[in-house]
Amino acid sequence: MRILVVGSGGREHALTWKLIDSPQVSKIFVAPGNAGTASIAENVDVSATDLQGLVSLALQKRIDLVVVGPEVPLAMGLVDAMHDSGVPAFGPTQAAARLEYSKAFAHEIMDKCGVPAAASRVFTTSAAALDYLAGRQLPLVVKADGLAAGKGAIIVTSVKEAEKALKDILERRVFGEAGDRVVIEDFLEGWEVSLLAFTDGTRVAPMVPSCDYKRALDNDEGPNTGGMGCYSPPAFFDDNMAGRATSLAIMPVVHAMADAGWEYRGVIYAGLMVDEDRIRVLEFNARFGDPETQIVLPRLQSDLAGTLLSCVNGCLDPATIQWRPGCSVGVVIASGGYPGDYTIGYPITGLDRIDPKVAAFHAGTRLEEDGRIVTDGGRVMSLVATGDTMAEARERVYENITRISFSDMMYRTDIALREVA
Ligand code: AMP
Ligand code: GLY
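A quick note: this is a predicted structure, and the numbers were derived from the prediction, not measured.

Engineer: Lay out the packing of aromatic side chains in plain terms, naming residues and giving numbers.
Structural biologist: With the rule as written, the count across this model stands at 9 aromatic pairs. With a centroid separation of 6.2 Å and 40 degrees between ring planes, the pair formed by Tyr398 and Tyr411 is classed as tilted. Of this pair, Tyr398 sits in helix α13 (residues 390-401) while Tyr411 sits in the loop between β23 (409-410) and α14 (417-420), and the two are 13 residues apart along the sequence. Note on Tyr398: relative accessible area 13%, which makes it buried. A network of ring pairs unites the aromatic residues Phe90, Phe198 and Phe288 as a single cluster. The ring of Phe29 has Lys27 lying over it, and the distance from NZ or CZ to the ring centre is 5.1 Å.

Here's what the structure looks like:
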């Protein structure tokens, strides 16, 4: 099988790393990829949002399966474009991906099939939103309806903060047309879990659950980011809870999408808030998570390529998917200043000293002509270790981080700490 992976983050490096393992896979191209994917596959310099360029590439390279990483090309209709050209592509169609790129739509679907979520309302003007807000208890969450790279949810604790958030989104347009509408949600308490599942439109196979740390700094301080670290599995979310969440939140949505004519194939990612044994959905994503993928795939024992293809072909057999017992911990190493302003182009040293049992998934890295690897983004890479226990995985990952260095390097020191403390 010849595969084209679309994207350039740690998630795409992890997907490529796992797909290479498959006896069915003969060649992998990554567009555009990063220095990590270049070391195990062939990068091609086509942007993840250049739909025509990607279709031409897939045809020219005789690709058997396209695997789409990020949400933006899904929302632009990359899977539809590939299918129109006869190229099998893993991921939801543009119509199905709406589950991620419109939070208002996701709430409509959830309401329709009784999936538990925060109470919510949709607004297009600040005045109407503020009226509604006056009758609700604070804090509340003000969200841009569309895609905002994980930064579109603003928790407000006063009317003044709400006014500012609404102004930023609806008037100043800080998220562009993603802010044509806002969704206001009640604030939910609890622990967050990411539950991702493979689906072929009918059948659903959940992956092992994981916990992502979204805030930039230790103790969940600082601004929201794309994700600063992750571990699997959370002790507070056992197999029984995962089974309940799958039948409560994921299956009904997959079936509702099919009934409405937007059959959903690919990965469906439920961001859950868990409070004791109460499970509620915070959001759906239409793709593999980043950094969840880097932490979850090292626990996947069975073949990934076959599973992805079976989702595309509508013949997923959940019984063929096996997970390794044990734990995994991943820590994102970022450029100082992320998610705000940061400097790139710093040489990264020590990569050759990492324990071979620890995976280094690159994200914002670039391979220079002289062979040096330099920083090239906010999230630079993640180190991921597995172990029989969380403590072992955690110790291994943090010990290896000390071997890496670059200017302004920053990472959280408390990933998975609550599981071992
Ligand atoms: P979202 O973009 O919807 O995933 O939101 C980003 C982050 O904001 C989530 O991972 C949560 O940490 C937080 N968040 C979103 N919605 C809520 C909510 N209704 N209650 C509490 N926290 C939330
Ligand atoms: N880790 C959060 C996301 O992938 O959206």
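Engineer: An account of unusual backbone geometry is needed here, citing residue identities and associated values.
Structural biologist: The omega torsion across Ala31 and Pro32 is -5 degrees, close enough to zero to call that bond cis. Within the fold, Pro32 resides in strand β2 (residues 27-32). In this model, Ser232 is joined to Pro233 through a cis peptide bond whose omega is -5 degrees. In this structure, Pro233 sits in the loop between β15 (229-232) and α10 (239-259). Positive phi, normally seen in glycine, also occurs at Arg62, with a value near 50 degrees.

Engineer: Which residues make up the site of ligand 2, and what values do they have?
Structural biologist: With respect to spatial proximity, the complete set of residues near ligand 2 consists of Asp212, Gly226, Tyr269, Asn285, Arg287, Gly289, Asp290, Pro291 and Glu292. Contact distances for ligand 2 include 3.4 Å between an oxygen atom and a side-chain N or O atom of Asn285. In this structure, Glu292 approaches ligand 2 through a side-chain N or O atom, which is 2.8 Å from a nitrogen atom. When ligand 2 sits alone it has 200 Å² of accessible area, and the protein chains cover 89% of it. Here the shell around ligand 2 is composed, by residue class, of 2 nonpolar, 3 polar and 4 charged.

Engineer: Before we move on, could you go through the site of ligand 1 and cite the residues and values that matter?
Structural biologist: Neighbouring ligand 1 are 14 residues; Lys143, Glu185, Leu188, Glu192 and Glu283 lie closest to it. Contact between ligand 1 and Glu185: a nitrogen atom at 2.9 Å from a side-chain N or O atom of the residue. In isolation ligand 1 offers 480 Å² of accessible surface; the protein chains occlude 94% of this area. Going through the elements one at a time, β7 (140-144), β9 (182-186) and β17 (278-285) are the ones with two or more residues in the shell around ligand 1. Here the shell around ligand 1 is built from residues that sort into 7 nonpolar, no polar and 7 charged.

Engineer: I'd like a description of α10, backed by residues and values.
Structural biologist: Here α10 spans 28 Å end to end across 21 residues, near enough to the 30 Å set by a 1.5 Å rise per residue. Considering bend angle alone, the principal kink of α10 is centred on Thr246 and spans about 35 degrees. Listed as buried for α10 are Met241, Ala242, Ala245, Thr246, Ala249, Ile250, Pro252, Val253, Val254, Ala256 and Met257. In this structure, the buried side of α10 is in contact with α6 (94-101), α7 (103-113), β10 (191-199), β11 (204-206), β16 (266-275) and β17.

Engineer: Break down the pattern of salt bridges for me, citing the residues and quoting the values.
Structural biologist: Enumeration according to the criterion identifies 23 salt bridges in this entry. Measuring nitrogen to oxygen at the nearest pair gives 3.0 Å for the salt bridge that ties Arg287 to Glu71. Here Glu71 lies in helix α4 (residues 71-76) and Arg287 lies in the loop between β17 and α11 (292-296), a separation of 216 residues in the sequence. Both residues of the pair, Arg287 and Glu71, belong to the buried class. Between Glu100 and Arg287 there is a salt bridge, with the nearest N and O atoms lying 3.1 Å from each other. Here the residue Glu100 occupies a position in helix α6, and Arg287 occupies one in the loop between β17 and α11, the gap between them amounting to 187 residues. Accessibility classification places Glu100 together with Arg287 in one group, the buried group. One salt-bridge network, in which partners are shared between bridges, spans Glu71, Glu100 and Arg287.

Engineer: Please set out a nonpolar patch on the surface residue by residue, giving values where relevant.
Structural biologist: Side chains of Trp17, Ile20 and Ile40 sit close together on the surface and give an oily, nonpolar patch of about 240 Å² of accessible area. Among the structural elements, Ile40 can be located in the loop between α2 (35-38) and β3 (42-43). A relative accessible area of 34% means that Ile40 is categorised as partly exposed.

Cut-offs and rules
- Residues numbered from 1 in each chain as written.
- Chains lettered and ligands numbered in written order.
- Predicted model: local features only at pLDDT ≥ 70, side-chain atom pairs only at ≥ 80, totals over all residues.
- Heavy atoms only, no water.
- Phe/Tyr/Trp six-rings, centres within 6.5 Å; stacked < 30°, edge-to-face > 60°.
- Helix = DSSP H or I, 4+ residues; strand = E, 2+ residues; numbered from the N terminus.
- Buried < 20%, exposed > 50% of the residue type's maximum accessible area, 1.4 Å probe, protein only.
- Lys NZ or Arg CZ within 6 Å of the ring centre and 35° of its normal.
- Near = heavy atom within 4 Å.
- Polar contact = N/O pair within 3.5 Å; in protein donor to acceptor, adjacent residues only side chain to side chain.
- Areas by Shrake-Rupley, 256 points an atom, 1.4 Å probe, with all protein chains shown as cover.
- Nonpolar A, V, L, I, M, F, W, Y, C, P; charged D, E, K, R; others polar.
- Expected span 1.5 Å × (residues − 1).
- Bend = angle between axes of the 7 residues up to and from the residue.
- Contact = heavy atoms within 4.5 Å.
- Salt bridge = Lys/Arg side-chain N within 4 Å of Asp/Glu carboxyl O.
- Patch = residues over 30% accessible without salt bridge, like charges linked within 9 Å, V, L, I, M, F, W, Y side chains within 5 Å.

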